[in-house]
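# Summary of structural features
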Amino acid sequence: MARTTRRRKLKVLFSASEVVPFSKTGGLGDVAGSLPSALKHVGAKVAVISPLYKTIAPEWREKMTKVAELYVPLAWREAYCGLYHLVHENVDCYFVDNESYFGRDALYGFFDDGERFAFFSKAICEVIAHVPELACDILHCNDWQTALAPVFLREFYRGIPVCDNVRTVFSVHNVKFQGQFTDEMLADPLGLADIPAAAGQLRCDERSINFMQGALLYSDYLSTVSPTYALELQMPFYGEGMDPIFRRRHEALRGILNGIDIAAWSPANDPFTPARFSAKKMEGKAECKRLLQEELGLEVNPDIPLIVMVTRLTDQKGMGLVSYAMDRIICAGAEVAILGTGDQKYEDDLRYFDGHYGNRMAARLQFDVALSHRMYAGADMFLMPSEFEPCGLSQMISMRYGTLPIVRETGGLADSVRPYNQFTGEGTGFSFANMNADEMADVVCFACDVYCNHRDAWDKLVEQAMAADFSWHTAANDYLDMYHWLHPEVIRYTRRRDW
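For clarity, every value in this text was computed on a predicted model and none was experimentally measured.

Analysis parameters
- Residues numbered from 1 in each chain as written.
- Predicted model: local features only at pLDDT ≥ 70, side-chain atom pairs only at ≥ 80, totals over all residues.
- Heavy atoms only, no water.
- Helix = DSSP H or I, 4+ residues; strand = E, 2+ residues; numbered from the N terminus.
- Rg over C-alpha atoms; globule rule 2.2 N^0.38 Å.
- Buried < 20%, exposed > 50% of the residue type's maximum accessible area, 1.4 Å probe, protein only.
- Contact = heavy atoms within 4.5 Å.
- Areas by Shrake-Rupley, 256 points an atom, 1.4 Å probe, with all protein chains shown as cover.
- Lys, Arg positive; Asp, Glu negative; His and termini not counted.
- Charge placed at Lys NZ, Arg CZ, Asp CG, Glu CD.
- Axes fitted to C-alpha atoms, helices over the stretch in contact; angles between N-to-C directions.
- Parallel < 35°, antiparallel > 145°, perpendicular 65-115°, else oblique.
- Left-handed = near helix turned anticlockwise from the far one by under 90°.
- Nonpolar A, V, L, I, M, F, W, Y, C, P; charged D, E, K, R; others polar.
- 1 Å grid on protein atoms, 1.4 Å probe; cavity = no way out; pocket = protein on both sides within 12 Å on 5 of 7 lines; lining within 4 Å.
- Points joined across faces, edges and corners; volume = space filled by probe spheres on them.
- Pairing = 2+ DSSP bridges.
- Core = buried A, V, L, I, M, F, W, Y, C linked by side-chain atoms within 4.5 Å.
- Expected span 1.5 Å × (residues − 1).
- Bend = angle between axes of the 7 residues up to and from the residue.
- Salt bridge = Lys/Arg side-chain N within 4 Å of Asp/Glu carboxyl O.
- Patch = residues over 30% accessible without salt bridge, like charges linked within 9 Å, V, L, I, M, F, W, Y side chains within 5 Å.
- Polar contact = N/O pair within 3.5 Å; in protein donor to acceptor, adjacent residues only side chain to side chain.

We now examine the overall build of the protein. If you tally the helices and strands in the protein, you get 20 helices and 19 strands. Compactness check: the protein gives a C-alpha radius of gyration of 24 Å against a globular reference of 23 Å for 499 residues, within 12% of the reference. Summarising its shape, the C-alpha atoms of the protein cover approximately 70 × 50 × 45 Å along the three principal directions. For the protein, the residues scored as buried account for 58% of the 499 residues in total. For the protein, contacts bridging at least 24 residues in sequence account for 71% of all contacts bridging at least 6. Just so you have it, the protein exposes about 20,600 Å², and 50% of that area is on carbon and sulfur atoms. Charged side chains of the protein number 50 positive and 66 negative; the gap between the two group centres comes to 7 Å.

Contact geometry of helix H13 (residues 319-331) with helix H14 (residues 344-356) gives a least axis separation of 11 Å together with a crossing angle of 25 degrees. Our classification of the angle between H13 and H14 gives roughly parallel. The two elements H13 and H14 cross, and the hand of that crossing is left-handed. Within the contact between the two elements, H13 uses Met319, Gly320, Ser323 and Met326 and H14 uses Tyr346, Asp349, Leu350 and Phe353. The class makeup of the residues in the contact of H13 with H14 is five nonpolar, two polar and one charged.

Next up on the list: empty space enclosed by the protein. A water-sized probe, rolled over the atoms, reveals where empty space remains. For the coordinates displayed, the defined rule picks out one cavity of 30 Å³ or more. The computed volume of the largest cavity comes to approximately 70 Å³. Forming the boundary of the largest cavity are 13 residues, of which Ala32, Gly33, His88, Val91 and Cys93 lie nearest the centre. Of the residues assigned to the lining of the largest cavity, the class counts are nine nonpolar, three polar and one charged.

The strand order E4-E5-E6-E3-E2-E7-E8-E11-E12 describes an open sheet built from nine strands, whose pairing is mixed. A strand with exactly one partner marks an edge of an open sheet, and here the two such strands are strand E4 (65-74) and strand E12 (253-255). Averaged over all pairs of adjacent strands, the angle between their axes in this sheet comes to 25 degrees, without regard to strand direction. In this fold helix H4 (residues 113-130) packs onto strand E2 (10-15), strand E3 (44-51), E4, strand E5 (77-88), strand E6 (91-97) and strand E7 (138-142), with an angle of close to 115 degrees to the strand it touches most, E4. Here helix H5 (residues 148-156) sits on the sheet in contact with E7 and strand E8 (167-172), set at roughly 140 degrees to E7.

Among the nonpolar cores identified, the biggest contains 105 residues, and Phe119 and Leu190 are the most heavily contacted of them. Tallying contributions element by element places H4 first for this core, with ten residues. One finds Val225, Phe353, Met396 and Ala437 within the second-largest nonpolar core, a separate group that totals 70 residues.

On to H13, then. If you check H13, its first and last C-alpha atoms are 18 Å apart, about what 13 residues at 1.5 Å a residue would give, namely 18 Å. At Ala325, H13 shows its largest kink, close to 55 degrees. For H13, every residue scored as buried is listed here: Met319, Leu321, Val322, Ser323, Ala325, Met326, Ile329 and Ile330. In the segment just after H13, Gly333 is the residue with positive phi, at about 100 degrees.

It is worth spelling out the sheet that holds strand E16 (residues 381-384) at this point. Where strands meet in a sheet, backbone hydrogen bonds hold them as pairs that are either parallel or antiparallel. Strand order in the open sheet made by the six strands is E15-E14-E13-E16-E17-E18, with parallel pairing throughout. Of all strands in the sheet, those with a lone pairing partner are strand E15 (361-364) and strand E18 (430-432), marking the two edges. Neighbour-to-neighbour, the strand axes of the sheet open up by a mean angle of 15 degrees, direction not taken into account. Relative to strand E17 (residues 404-408), E16 is paired through four bridges, and the arrangement is parallel.

Attention shifts here to the pattern of salt bridges. Following the criterion strictly, the structure yields 24 salt bridges and no others. Two residues, Arg104 and Asp112, come together in a salt bridge whose shortest N-O distance is 2.7 Å. With its nearest N and O atoms 3.9 Å apart, the salt bridge here joins Asp438 to Arg328. Linking Asp438 in helix H18 (residues 437-453) with Arg328 in helix H13, this pair joins segments that are 110 residues apart in sequence. The class for Arg328 is partly exposed, based on a relative accessible area of 34%. The network of salt bridges with shared partners includes Arg77, Glu115 and Asp188.

This brings us to the layout of surface pockets. Each pocket or cavity is described by its volume, and for the second largest pocket that value is around 290 Å³. Around the second largest pocket, the lining comprises 18 residues; the ones closest to its centre are Lys285, Ala286, Asp380, Tyr451 and Arg455. Every element with two or more residues in the lining of the second largest pocket is listed here: helix H12 (283-296) and helix H19 (455-467). Examining the composition of the lining of the second largest pocket, we find that six residues originate from one element, H12, more than from any other. Tallied by class, the residues present in the lining of the second largest pocket amount to eight nonpolar, three polar and seven charged.

This part is about a nonpolar patch on the surface. A grouping of Phe272, Phe367 and Val369 is seen on the molecular surface, where their side chains present a nonpolar patch of about 340 Å² in accessible area. Structurally, Phe272 can be placed in the loop between E12 and H12. Take Phe272: its relative accessible area is 37%, and that puts it in the partly exposed class.

With that out of the way, let us pick up the side chain of Gln178. Here Gln178 lies in the loop between E8 and strand E9 (180-182). Only 3.0 Å separates the side chain of Gln178 from the backbone oxygen of Glu240, close enough to count as a polar contact. Those residues within four positions of Gln178 in sequence are excluded, and the remaining contacts are Trp144, Asn210, Phe211, Met212, Gly239, Glu240 and Met242.

All quantities given are derived from atomic positions and should not be read as evidence of function.
The following block contains the structure:
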């Protein structure tokens, strides 16, 4: 039967295991905290759903109201589910309550994480089926913690009209974390052991199942956080064993570059920096550099190129390259400052460099939000030589502050940084192709030469970098196009007022 074509807002239920400002361990929380609001601005009706963790601050809990109470079937038993609601930045946020699963002192890292997030995924399906305000056209799931929702929706909720209308999108933020558990879970709590199609598609070896694999096979559409990462996922080196599925489903896979919160990362209004500046009035950046050099014990000299990193100290972030090339970078006339924590071997390397190079190198082995803002604002270059980087936010933030990124051409780094072309003057930063320390050092030395000897070209690059648009608006429009492709019977609603 043909569907009736009509103009209205698509209803999107955005499900994630963490949402800023309520819960966060990584970039997923930032995306879930920003993208839904942007989707609403471009013409969707959006609600967010996440667990009601014990760690959510009391000031948020006090604003919540209980809107439903139901029981979620898990194999042979039923588990309590309370549903709470609040409005944050004009977006409806819903929280799934179960004290046994979520009343803990951290979000992840427990022996029963598989069961906890299987419950959450099943609860999502239950509220779609039974809570009218959460009936939706699109269920957008993110990472392994919500990956079973498309599986459950297909296997247990077909025939329910409100569920038959739902199309599913699954976003991969980092394919390294897939949710692999014992196959004993197929019977309890998943209740899928007697459904051969589901059991077969979830199984990843003789004794294990893989939550993400289920979502990749069951979802109507797949997305990830940058166009280049979407291509990389189809390669064995990057795909973490999932590359055959990504290749098979490449026509239903799309990479959409994340945005950043441009209000939180604004050199003109940053409360953490000692001076404000903008692309049209850059004097404040020079002051930020002077004070940062002073704060970190570096030589205070505006003519010395200052290179910073704000990062986890791991192989994935390219720290092996940095350790190998540090002497060459310092000898090229640069100052280096690194903020972060991570692997012991790299923390030890940085302690050595800090002492060995005196006022040319500073290591701060800590987590410090305010200092990170001052480093973005005061540096000349931001080094980000990642082995892989699904999207990356630091390179976008650094460009907002007129700090030119030096990146490896992978994932979102390749999509967001245009390398400097010395013949045309085009570009927003510098890049290199291979995981090779000498290649990285060559590019760093080239960037330092441009800074020291070609200041007109440098200033133009800074201007171009600061003009780059990394707001969520573009990404939200791309997601909305995807949703409408899944529901072509709904004509896109474009008026900028609430429904």
